[in-house]
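# Fold and contact review
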Amino acid sequence: MARAQLLFPKDFLWGTATAAYQVEGNNRNSDWWAWEQGDGRILHNQKSGLASNWWANAEQDLDIAAEMGNNAHRLSLEWSRIEPEPSVFDAAALGRYREILQGMHQRGIEPMVTLHHFSNPLWLVEKGDFNSAVVVDYFRRYTAKVVDVLGDLIPKWITINEPMVYIFMRYLNGAFPVGQHRGWTGALGAIPNLLRCHAAAYHTIKERRPEALVGVAKNMAVLQARPGSTALSRWWAGRVSWLFNHMWLDSLANGRLYLPVGRRTIPHLAGSYDFIGLNYYTRFYVNFPPRGGLLSDRWEPDAVVSDGNYGEIYPAGLFQIIESLLPYKKPIYITENGVPDKDDRLRPSFLMTHLREIWRALSFCYPVMGYYHWSLVDNFEWDRGWTQRFGLIELNPETQERTWRESGRLYQEICRSRSLTSRQAEKYAPELLQTIFRGEAPVDVSP
Ligand code: IFM
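Okay, so let's go over this structure. (Residues numbered from 1 in each chain as written. Predicted model: local features only at pLDDT ≥ 70, side-chain atom pairs only at ≥ 80, totals over all residues. Heavy atoms only, no water.)

## Let's talk about unusual backbone geometry
In this structure, P289 follows F288 across a cis peptide bond, with omega equal to 0°. Mapped onto the fold, P289 is located in the loop between β9 (275-285) and α11 (316-325). You will see that D129, though not glycine, has its phi angle at about 30°, which is positive. A residue is classified by how much of its surface remains accessible, and D129, at 1% relative accessible area, is buried. The phi angle at W382 is positive, at roughly 50°, despite the residue not being glycine. If you trace the backbone, W382 turns up in the loop between β11 (368-374) and β12 (393-396). (Helix = DSSP H or I, 4+ residues; strand = E, 2+ residues; numbered from the N terminus. Buried < 20%, exposed > 50% of the residue type's maximum accessible area, 1.4 Å probe, protein only.)

## Here we look at the sheet that holds strand β4 (residues 110-116)
In spatial order, the strands read β2-β3-β4-β5-β6-β9-β10-β11; together these 8 strands close into a barrel with parallel pairing. Here the strands of the sheet are splayed against their neighbours by 30° on average, with no regard to which way each runs. Bridge count for strand β5 (residues 156-161) against strand β6 (residues 213-224) is 4 bridges, and the pairing is parallel. Of the residues in β6, the one forming a bridge with K156 is L213. On top of the sheet, helix α10 (residues 231-254) reaches β6 and β9; it is set at about 175° to β6, its chief contact. In the packing of α11 onto the sheet, contacts are made with β6, β9, β10 (332-336) and β11, and the angle to β9 comes to roughly 135°. (Pairing = 2+ DSSP bridges. Axes fitted to C-alpha atoms, helices over the stretch in contact; angles between N-to-C directions. Contact = heavy atoms within 4.5 Å.)

## Structural notes on the site of the ligand
In the vicinity of the ligand, the residues found are Q22, H117, F118, N161, E162, Y281, Y310, E336, W374, E381, W382 and F390. Here an oxygen atom of the ligand sits 2.5 Å away from a polar atom, N or O, in the side chain of E381. Protein chains bury 96% of the 280 Å² of accessible surface belonging to the ligand in isolation. For the shell around the ligand, a count of residues per class yields 6 nonpolar, 3 polar and 3 charged. (Near = heavy atom within 4 Å. Polar contact = N/O pair within 3.5 Å; in protein donor to acceptor, adjacent residues only side chain to side chain. Areas by Shrake-Rupley, 256 points an atom, 1.4 Å probe, with all protein chains shown as cover. Nonpolar A, V, L, I, M, F, W, Y, C, P; charged D, E, K, R; others polar.)

## Overview of the nonpolar core
As a rule of thumb, soluble globular proteins bury nonpolar side chains together. The biggest cluster of nonpolar side chains holds 122 residues, and the ones touching the most others in it are L278, L355, I358 and Y411. In terms of residue count, the dominant contributor to this core is helix α9 (residues 183-208) (11 residues). Residues in contact with L278, not counting those within four places in the same chain, are K218, M220, L318, I321, I322, L325, I332, Y333, I334, T335 and E336. Ranked by size, the runner-up nonpolar core spans 13 residues in total, among them L13, A17, M112 and A217. (Core = buried A, V, L, I, M, F, W, Y, C linked by side-chain atoms within 4.5 Å.)

## Digging into the pairing of strand β2 (residues 13-17)
Taken across its 5 residues, β2 has 5 buried, putting it largely inside the fold. On β2, burial covers both faces: L13, G15 and A17 on one face and W14 and T16 on the other are all buried. Examined bridge by bridge, β2 and β11 share 5 bridges and lie parallel to one another. Bridging across to β11, W14 finds its partner in Y371. In this sheet, strand β3 (residues 72-76) lies alongside β2 in parallel orientation, the contact comprising 3 bridges. Following the sheet pairing, G15 is matched in β3 by A72.

Below, the structure is given as C-alpha cells:
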C-alpha cells in the first residue's frame, strides 16, 4: 500500500497547553480555592488539592514535554500567587515562575504565557472584580510587574483566556465562582472592563517589550442551525455564533463595544492584538426558540461525543473557524484543542483528524503558526473536577503517578516527524486509513 506523509512547515510550533490553577496545586489565595470548599460546586465535591503538582515539580512534566518533541508550551500565571494582597508582590512566587520559564527554554520549549486564565485573587473579588472599573489599574499593575520580572523569558503572551466562556460561566450559568454581581447586569458590566484590561495589558507589554507578540485565546465553536431548520433558527444561530465567536475579536479589531446599552468605543483597544489564539473543541446546534438554554439540541443522535457529554467531535469545524478568522489578517495559533477521554478511545483519531484540518488550512497558505494540544497532563477541570481527563499523559492525582497514553506516543511521533503519516494511522487509528489517508499522494507544504 502506498504510504502517505502530510508534512508541516519547519518552523511550525508543536506544543501543549496548561493553566496555572489546573496544574499547580495549593492555590489558596485564589477565588477558585474558596469556591471549591463549598458543598456541591464541583462534581462529586472533588478538590484541586495538589492538582498536577506543578508548583513543586513542573519540571517532571517539562521533561515529558521535551521527550514528546514539543517545542512550545502554553502556561498561565496565577495572579493570586504573584500578588496575594493588593500591592504586595511575592518575590519567591515570581522567582519560581522564573525557574519554570528558564526550565522551558533549557529544554528547547518556547513559552506562551497567559496572564488571566479564569482564576482571580480573592482580594480582587472583594473589590468587585470585573464589575468594578478599578480592576483595570490592578490588572495593568500586575502585568507591569510580570513583564519587568519575567518579560525577558516570554516571547508570546495571551492577556485573557476565553473571555466569553468566563463571562458565561461566572456571571450567567453560575458554575464558576462569582463576585457580588451575578446575572446579565454582572455580565454586561464585566465585558467592557475585561476589554479595558486586555487593552491595558497589551500596551503595558508592548511599551516594555516591543518585540513581544501579544494576543488573546478565544474559545470558538461551530454554532449552527440543524440542517433543514427554519429560517428563524438559521438567523438565530448566526446571531449566537457572532456573539460567542466574533464579537470579542471585532471589538479588538475596531475598538468598539457591542452591547445593547449602546455602541461606544474603548480607548486604545482598536488593533490591540498581534495574533489570534484559537481554542477549538466542538460544534453545537442552536435552535429558535431556544429549548433548555442558548445551546439546545446540541448534536445528532449518531454524533461521536466525548466523556461526560463534553461535546461532539467535529474536526471539519476547525477548518471552518480558521477560515472565519482570515478577515482579521492576523497570524493564528491553535492555543487549545483536545478531548476529555479517560480511556484514550477517541483521542488518537481526534488528534490526527484535527491536525489534518490544520494541514489542509496550511495547504491554502492560511497563516496557522502552531498547535498547542490541551493538555499535556490530566488536570483539574474546574466545575467537572477530575471527571474529565484531557491529558496526553494520564495522572493519578492521589499518587501523582504519570503514565503515557497511546495518544501521547502518537503526538510524540507527530511532533518529532513534523508530519501526519499513514503509518501512524495504521498503528494508532486504523479507521483513518479509509478516510483521511485514502488515496493520498505524499505532499509537502513546507516552504
Ligand atoms: O480546561 C479548560 C481550559 O481551562 C479552558 N479551555 C477549555 C479546557 C477544557 O474544558
